[in-house]
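Architecture at a glance
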Amino acid sequence: MITPDVRRFGAVKDTLKSFGLPRIIIVVFLVLLWAISMFLEIPFPQLLSDTLVRWGMNGVLVLAMMPSILAGTGLYFGLPIGIICGLLGGVIAIELNLVGITAFFAAIAFSIPFAFVLGWVYGFMLNRIKGSEMTVATYVGFSIVSLMCIFWSMAPFKSPAMAWPIGRGLRVTISLADRYEKVLNNFLSFNIFGIMIPTGLILFLLLMCLIVVLFFNTKTGIALKAGGENPRFAQSSGINVDTMRIVGTIFSTVLGAIGILVYSQSFGFIQLYTAPLFMGFLAAAAILIGGASIKKATILHVLLGTFLFQGLLVVALPVANKVATLGSLAEISRIIVSNGVILYALAQHSGD
Amino acid sequence: MQDIGKEYFGNRVLSAINLQLKPGEIHGIVGENGAGKSTLMNILFGMSVIHSTGGYEGKIRVSGKEAQIKSPLDAMNLGIGMVHQEFMLIPGYTITENIKLNREITKPNLASRIVGKRYDTLDVVAMRRDARKALDKLDMSIDEWATIAGLPVGYMQFVEIARELDKTNLKVLVFDEPTAVLTESEADNLLDAMRVISNHGIAILFITHRLHEIMTVCENITVLRDGKMVAQRKKDETNIYELAELMVGSRVGEVMRKPREDVTDEKPILTIRNLSVEMPGEEVSNVSLDIHKGEIIGIGGLAGQGKIGVANGIMGLFPAEGEVVFDGKQIELNNPTNAMMNSLAFVSEDRRGVGLLLDSSIENNIAFTAIQRQGKYLKKFGPFTQLDKAAVRQTADRMIKELDIRCTGPTQITRRLSGGNQQKVCIARALMLEPKLLFVSEPTRGIDVGAKKLVLQTLVELSEKYGLTVVMTSSELAELRSVCDRIAIVTEGKIAGILKPTDTDVDFGLMMAGEKHDNA
Amino acid sequence: MKQTDIQTMDPIPSPAHEKRITPDKVKRFLINNLVTILFVILCAVGLRLSGLSMAFYLNDIVSRFARNSFLVLALIIPVMAGMGLNFAIVLGAMAGQGAIIFVTHWGIAGMNGILLSVLICTPIAILLGWMTGRLLNRARGKEMITSLILGFFANGVYQLIFLIMVGSPLIPMKNEVLVLSSGVGLRSTIDLSGGLRYAIDDVIRTPFPQFVMYLSLIGALYLVSVIIRMRSGKVMVQQYSKKRLITLFLLLLAAMIWGLVTSLSVSMINSVRVPAFTMIIIAVLCLFNIFIVKTKLGQDFRTVGQDQHIAEVSGINVSRTRVLAIVMSTLLAAWGQIIFLQNLGAFSTYGSHEQVGMFASAAILIGGASVSKATVGHAILGTILFHTLFIVSPLAGRNLFGDAQLGEYFRSFVAYGVIGVALGLHAWKKLMQAKNQKKV
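Time to look at the overall build of chain A. Counting its regular elements, chain A contains 14 helices and four strands. Its C-alpha atoms give chain A principal-axis dimensions of about 75 × 55 × 35 Å. Looking at chain A as a whole, 58% of its 352 residues are labelled buried. For chain A, contacts bridging at least 24 residues in sequence account for 76% of all contacts bridging at least 6. If you sum the accessible surface of chain A, you get close to 14,200 Å²; carbon and sulfur atoms cover 71% of it. For chain A, the separation between the mean place of its 21 positive charges and that of its 12 negative charges on side chains is 6 Å.

Shown next as structure tokens:
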């Protein structure tokens, strides 16, 4: 019989453990940098505005990690695949010369069929390699990005907004300035104490989160979570775990496609070619910072992690610039922090 | 070995074992599962599972000198060898490499003289010679450079033995259930080999449940039961009936429930014909059984004999073949959904592995299968569903009260519950399907004594209150005898027979040991 | 009855005494070597499309082989020890690269510079290897993804050191050639001409045909010695079939004659110079790898790679053995990077080490290795094939599509794809074999 004291202690220990060492370090680091920034007279409202924007911008991409983790397929290092689907949708929307919010939603609509198909194929492949999903995913992802580079170079698109003036193929970066740049950001945005709140963007992120929450409360969603947590348990209840894994992968791919479009509209550019290569790692790092593990993730992890990670990146640059003119410190710290966090998660003896 | 004892976190599995072994003696150790045989051997062989959980009590003396055995290496250095039940053979290696594992013969070379012994060259020729010698001792003509993968099981076992024989300082060789995987002729070969080995002056500890084998080769026999030594006999002083009786023992347990004599009067509600199940370690080869409505029937037998496989096979958790008819309907095998749709439910023996989502709440566990298979606890919105959390909470509260599950509330994570309460959650989950027949496997395994009674009581109440037919598979004969109407014993994958709880210990012991009984 | 999982990752084994070439045997050969065969075809096609002359190609491939094979060979030991592809050889490469940078800064040239670099990077590489090994032990079962991410992480730290800290008070360095004009951070390219460039290569340079001649001579002599030892019973007969030995001998003879004839002729191939000393070093490493397998240590590596539990129970210190494997691999990678850089001459400070892990892994996989089995032969064949593709892709791309860049993309696609496919196939095979085991 477990006595009340033991139980309570167990609960406290659980909370501390679940909060995680890296998260504590990052929070402390972030607060420290904020303090330093104020000391260095860097305008805080500006920092916060930028953080909020980047939070909304990256949130859906990080959200894409969740279904894959919950289904038991680990961190979704195949995010480049979802991103490519989104890029395809975006490019088609431009070719059809759409503008404004219509263009944005059209891009999403176009990308979803691609995401479904590729997600299905990808999920099918993952089922054949249980246990090595993350490693193989990384390389397949890289490989497909390279393949798409060939495609982008030879694509039959004609829109002058995208194509090279001479010869075939699309440009590396495509501007969204006259189309739907910041269309979500500016929607219902307002200023408070000098902080610009990109309401539309945040609302969209929360909407996506809501959809994810609702899904995981459906019969399929519950089955999917069980399959990821304990496949044998799920099987004994008559659930086809392999099918659930594919569903999870498709969902992650779709979110990835939507995510890159949200990102691009905020950024103002669609980036083709090798841009998607390392985005999977950044998203993975963000959700891990939020407290998720390779086997468990919640919406809180997504939101918190994205906020912390982006907050860190936003404040690091100006601080570094003031301390010493070190321009690339932001990029370097991004590499170190994101990969360091993933390493910590991997070394957690979570067993295979 | 003197006064050997062992405790696992307050659970005593072994106490006051005394054993003496003379050179060249073949000593048999018999007992049911959980009697402590494997634990005793793990202690002798220095396995880490003993040392990482607090060590052992008592003293071990080898050749008169007291010995501290803290690792398999220590045991090996003292001349103790073990032929494990699960072969310690590397399939990708040759016989020679396996025999010489970490004891390879080497020659120093230029590099090793500078850097260290680990860089010595392997002397493959010398190793093959030694391997050949060991194999010849066992009369095996197979090529010593053949790979293990693909060899028949009997051969692999002999390679295991050859490996131990190759250890020149070998004094004691332990055989842990060696004949479990062998055919009859292979088993005979093994017994002959044992005689040869003992003639070389090596003492043998032979653990088995096959009583006739014990009587064939052993000089002395120790019987373990519930972690205690109940008897030590010389072969000439005993017979298989006495051994069977000692193994099983008449436990004066509370008879919880008077067994019904009239169960077989009604027509059977579940008929099983020619069931075979591929469950690793618990294969069922041909089981036919009739189960009657409203009875509590027990399925017993020694570990690895197949009793666990029966329920697992019918409920579709492992590949199965055969014919199963429940309540007039044919049950499709290899299909958990089908079984459940036909009002069968299952509480698995692997509580933590299969029975629970350890990191989910009690209420989510209880409601799970009912949600997935019967669409309960869901609110429908066209093609979409949403969990009806209020309904789940209500049900969970009710089950917590009814089954007396001790917890902080329905949201508590099941990992934090004690074994007995976890078991109740599993039972609750199965009950939510409103089944007509419930299979329960090892209901009280790993649960402390006080909670055991509660779980059994719960099962009895369910049977009486709801008219539920209960099929209880258990390795604890005593509890089966205290609760069931009839008990079927499964030996070597088949039904050896059906006994009444009041039948004698000898009856049970012999049937479980697979011996033919005179008055069968 | 549960048995230890049979994890024979080795090619699907053929029954012991099948000597004839049956269609079944051919099919098995194809399946087991799918990736390599695909690549040979790819390279052959690519060579054709690129329009390169043999001399040009040889020159390039000899050069690339000399500078890359050492790094590829460094991957063998961790594979033996069951730790998969050690993508973290990048850390070793960084140690070597860092040493070269500092030696260049101190202006020490030639062989002295090389020796000093080796001296400096060795303890650093050992330390890094030790840390990597400890980390991989904590992430058992996920070694490859961990080493991959570790590589990225280390790259970040490398940039931190050489872009941010060098020149600052933390690591003072006043050098106008190497350091950026701001005084902090190294320039993005470093040129070793006049310093360490070709320091090893230049020791001996032999024309290609002559090199082939000498190589085949040595090979033939070795074969003869093996045959003599076989006759006197010192070596196991069954390991080498007579037919194979004779075919091998004839091939070597043919190569020797070709080498002799060509070197006396006016062929362009004579202008291809092979850096013989570098090749000797590489040969030494090959011999080292072969030697290790025959030692107790090598057997320990293999045992740990086959089954960690059994190894532990038999008394092998599994953790320490695994760390040792990684330390050796990292150290070899450090030295390998020195060889690489001295041949390259001018290198990208922040780029040349980045892809070391991935390129070496792709190369060895192409050569036929798998996550659980890698030999010297795989490394050599793989390096040749992989770099042939490197040479050929941009030109083939230009000739085929009018765009060399496409060739580059294609090359990346193939390189990454190969690793992904090889890893995937391996994982799938493992699952299939486990399933079949249950049925047996």
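From N to C terminus, chain C includes 16 helices and four strands. Computed over C-alpha atoms, the radius of gyration of chain C comes to 23 Å, within 12% of the 22 Å expected from 2.2 N^0.38 for 440 residues, which places it in the range of a compact globule. The C-alpha extent of chain C, read off along each of the three principal axes, is 70 × 60 × 50 Å. Among the 440 residues that make up chain C, the fraction classed as buried is 51%. Considering only intrachain contacts with a sequence separation of at least 6, the fraction spanning at least 24 residues in chain C is 77%. Summed over its atoms, the accessible surface of chain C is roughly 20,300 Å², and 67% of this surface lies on carbon and sulfur atoms.

Among all positions in helix 9 (residues 219–229) of chain A, only Gly-221, Ile-222, Ala-223, Leu-224, Ala-226 and Gly-227 of chain A are buried. Residues of helix 9 of chain A that are buried make contact with helix 4 (65–70), helix 8 (199–215), helix 10 (231–236) and helix 11 (241–267) of chain A together with helix 14 (362–374) and strand 20 (384–387) of chain B.

All right, on to the packing of aromatic side chains then. All names here are of chain A. Using the criterion set out here, one finds 32 aromatic pairs over all chains in the structure. Taking 6.0 Å as the distance between ring centres and 65° as the angle between the ring planes, the aromatic pair formed by Tyr-76 and Tyr-122 counts as edge-to-face. Note that Tyr-76 is positioned in the loop between helix 4 and helix 5 (79–95) and Tyr-122 in helix 6 (residues 100–128), a separation of 46 residues in sequence. On the accessibility criterion, Tyr-76 (2% relative accessible area) is buried. Looking at Tyr-122, the relative accessible area reads 4%, which means it is buried.

Right, let's get into the interface of chain B and chain C. Facing the 33 residues of chain B at the interface are 32 residues of chain C. Here chain B packs against chain C, burying approximately 3,100 Å² in sum over the two surfaces, 60% of which is carbon and sulfur. For chain B, the biggest contributors to the area lost against chain C are Tyr-93, Arg-118 and Tyr-119 of chain B; these three give 21% of the whole. Inspection of the region where chain B meets chain C yields three salt bridges. Asp-300 of chain C is paired through a salt bridge with Arg-118 of chain B; the nearest N and O atoms lie 3.2 Å apart. Inspection of the chain B/chain C interface yields twelve residue pairs in polar contact (both at pLDDT 80 or more). At the level of elements, helix 3 (72–77), strand 8 (121–122), helix 6 (124–137) and helix 7 (153–165) of chain B are the ones that each hand at least two residues to the side of chain B that touches chain C.

So, on to the interface of chain C and chain A. Contact with chain C, which involves 38 residues of that partner, is made by 40 residues of chain A. Counting each side, the surface lost to burial between chain C and chain A is near 3,500 Å², with a carbon and sulfur contribution of 78%. Among the residues of chain C in contact with chain A, Arg-138, Lys-142 and Tyr-409 of chain C are the three that bury the most area, contributing 18% of the side total. At the surface where chain C touches chain A, the tally comes to zero salt bridges. Here chain C is connected to chain A by three residue pairs in polar contact (both at pLDDT 80 or more). For the side of chain C that touches chain A, the elements supplying multiple residues, two or more each, are helix 6 (110–138), helix 7 (143–165) and helix 16 (404–439) of chain C.

Mean pLDDT over chain A works out to 84, with 91% of the residues at or above the 70 mark. Here residues 1–7 of chain A is a poorly scored stretch, pLDDT under 50, and it has nine contacts once near neighbours within four places are set aside; other chains count.

Pairing between the strands of a sheet is mediated by backbone hydrogen bonds and can be parallel or antiparallel. Residue and element names in this part refer to chain B. Pairing within the open sheet is mixed, and its six strands lie in the order 6-9-10-3-11-12. Pairing within the sheet leaves two strands with one partner each, and these edge strands are strand 6 (80–83) and strand 12 (228–234). Averaged over all neighbouring strand pairs, the angle between strand axes comes to 20°, with direction disregarded. Both strand 6 and strand 9 (residues 172–176) contribute to a ladder of four bridges, which runs parallel. Paired with Val-83 across the two strands is Phe-175, which belongs to strand 9.

All names here are of chain B. Along the polypeptide, Thr-94 turns up in the loop between strand 6 and helix 4 (95–99). Residue Thr-94 is classed as buried on the basis of its relative accessible area of 7%. Those residues within four positions of Thr-94 in sequence are excluded, and the remaining contacts are Glu-144, Trp-145, Ala-146, Thr-147 and Ile-148.

Glancing now at helix 5 of chain A. Residue and element names in this part refer to chain A. The terminal C-alpha atoms of helix 5, which comprises 17 residues, lie 24 Å apart, in line with the 24 Å expected from a rise of 1.5 Å per residue. Here helix 5 lies mainly inside the structure; 15 of its 17 residues are buried. In the stretch just after helix 5, Asn-97 is the one whose phi turns positive, near 55°.

On to empty space enclosed by the protein. In total, this model carries six cavities of 30 Å³ or more according to the counting rule given. Of the volumes computed, that of the largest cavity is approximately 150 Å³. Lining the largest cavity are 15 residues, and of these Ser-236 of chain A together with Met-315, Met-340, Phe-346 and Arg-429 of chain B lie nearest its centre. Elements that contribute at least two residues to the lining of the largest cavity include exactly helix 12 (336–341), strand 18 (344–347), helix 13 (351–355) and helix 16 (419–431) of chain B. Classifying every residue of the lining of the largest cavity gives nine nonpolar, five polar and one charged.

What follows is about the state of the cysteines. Residues and elements named next belong to chain C. This model, assessed by the stated rule, comprises zero disulfides over all chains. Among the cysteines around Cys-43, which has no disulfide bond, Cys-286 carries the closest sulfur, lying 20 Å off. By relative accessible area, Cys-43 is classed as buried at 5%. Cys-121 carries a free sulfur, and the closest cysteine sulfur to it, the one in Cys-286, is 19 Å from it.

A few words on the packing of helix 12 (residues 279–289) of chain A against helix 14 (residues 329–346) of chain A. Residue and element names in this part refer to chain A. Two elements in contact, helix 12 and helix 14, have axes separated by 9 Å at closest approach and are oriented at 60°. In the packing of helix 12 onto helix 14, the handedness of the crossing is left-handed. Packed against helix 12, whose contacting residues are Phe-281, Leu-282, Ala-284, Ala-285, Leu-288 and Ile-289, the element helix 14 presents Arg-334, Val-337, Ser-338, Val-341, Ile-342 and Ala-345 at the interface. Among the residues forming the contact of helix 12 with helix 14, the class breakdown is ten nonpolar, one polar and one charged.

Residues and elements named next belong to chain A. Viewed as axis vectors pointing N to C, helix 3 (residues 44–63) and helix 8 meet at an angle of 25°, and their least axial separation amounts to 9 Å. Comparing the axis directions of helix 3 and helix 8 gives the class roughly parallel. The crossing of helix 3 and helix 8 is left-handed. Side by side, helix 3 and helix 8 meet where Leu-52, Val-53, Trp-55, Gly-56, Met-57, Gly-59, Val-60 and Leu-63 of the first sit next to Leu-201, Ile-202, Leu-205, Met-208, Cys-209 and Val-212 of the second.

Once that is clear, we can look at the pattern of salt bridges. Residue and element names in this part refer to chain B. Inspection of the entire model under this criterion finds 34 salt bridges over all chains. A salt bridge links Glu-144 to Arg-128; its shortest N-O distance comes to 3.1 Å. Here Glu-144 is found in the loop between helix 6 and helix 7, whereas its partner Arg-128 is found in helix 6, with 16 residues between them in sequence. The burial state of Glu-144 is the same as that of Arg-128; both residues are buried.

Moving on, we come to unusual backbone geometry. All names here are of chain B. One non-glycine residue, Asn-274, adopts positive backbone phi at about 50°. Looking at where Asn-274 falls in the secondary structure, it is placed in strand 13 (residues 268–277). The backbone of Asp-327 sits at a positive phi, close to 50°, despite the residue not being glycine. Structurally, the position occupied by Asp-327 is in the loop between strand 16 (320–326) and strand 17 (329–330). The class of Asp-327 is partly exposed, set by a relative accessible area of 38%.

Side-chain positions along a regular strand alternate between the two faces of the sheet. All names here are of chain B. In terms of strand pairing, strand 13 meets strand 14 (residues 284–292) through six bridges, oriented antiparallel. Within strand 14, the position partnered with Thr-271 by the bridge is Asp-290. Hairpin geometry of strand 13 and strand 14 is characterised by an intervening segment of six residues between the two adjacent antiparallel strands and by a positive phi of about 95° at Gly-281.

Conventions and cut-offs
Residues numbered from 1 in each chain as written. Chains lettered and ligands numbered in written order. Predicted model: local features only at pLDDT ≥ 70, side-chain atom pairs only at ≥ 80, totals over all residues. Heavy atoms only, no water. Helix = DSSP H or I, 4+ residues; strand = E, 2+ residues; numbered from the N terminus. Buried < 20%, exposed > 50% of the residue type's maximum accessible area, 1.4 Å probe, protein only. Contact = heavy atoms within 4.5 Å. Areas by Shrake-Rupley, 256 points an atom, 1.4 Å probe, with all protein chains shown as cover. Lys, Arg positive; Asp, Glu negative; His and termini not counted. Charge placed at Lys NZ, Arg CZ, Asp CG, Glu CD. Rg over C-alpha atoms; globule rule 2.2 N^0.38 Å. Phe/Tyr/Trp six-rings, centres within 6.5 Å; stacked < 30°, edge-to-face > 60°. Buried area = accessible area lost by both parts, 1.4 Å probe. Salt bridge = Lys/Arg side-chain N within 4 Å of Asp/Glu carboxyl O. Polar contact = N/O pair within 3.5 Å; in protein donor to acceptor, adjacent residues only side chain to side chain. pLDDT = per-residue confidence, 0-100. Pairing = 2+ DSSP bridges. Axes fitted to C-alpha atoms, helices over the stretch in contact; angles between N-to-C directions. Expected span 1.5 Å × (residues − 1). 1 Å grid on protein atoms, 1.4 Å probe; cavity = no way out; pocket = protein on both sides within 12 Å on 5 of 7 lines; lining within 4 Å. Points joined across faces, edges and corners; volume = space filled by probe spheres on them. Nonpolar A, V, L, I, M, F, W, Y, C, P; charged D, E, K, R; others polar. Disulfide = S-S within 2.5 Å. Left-handed = near helix turned anticlockwise from the far one by under 90°. Parallel < 35°, antiparallel > 145°, perpendicular 65-115°, else oblique.

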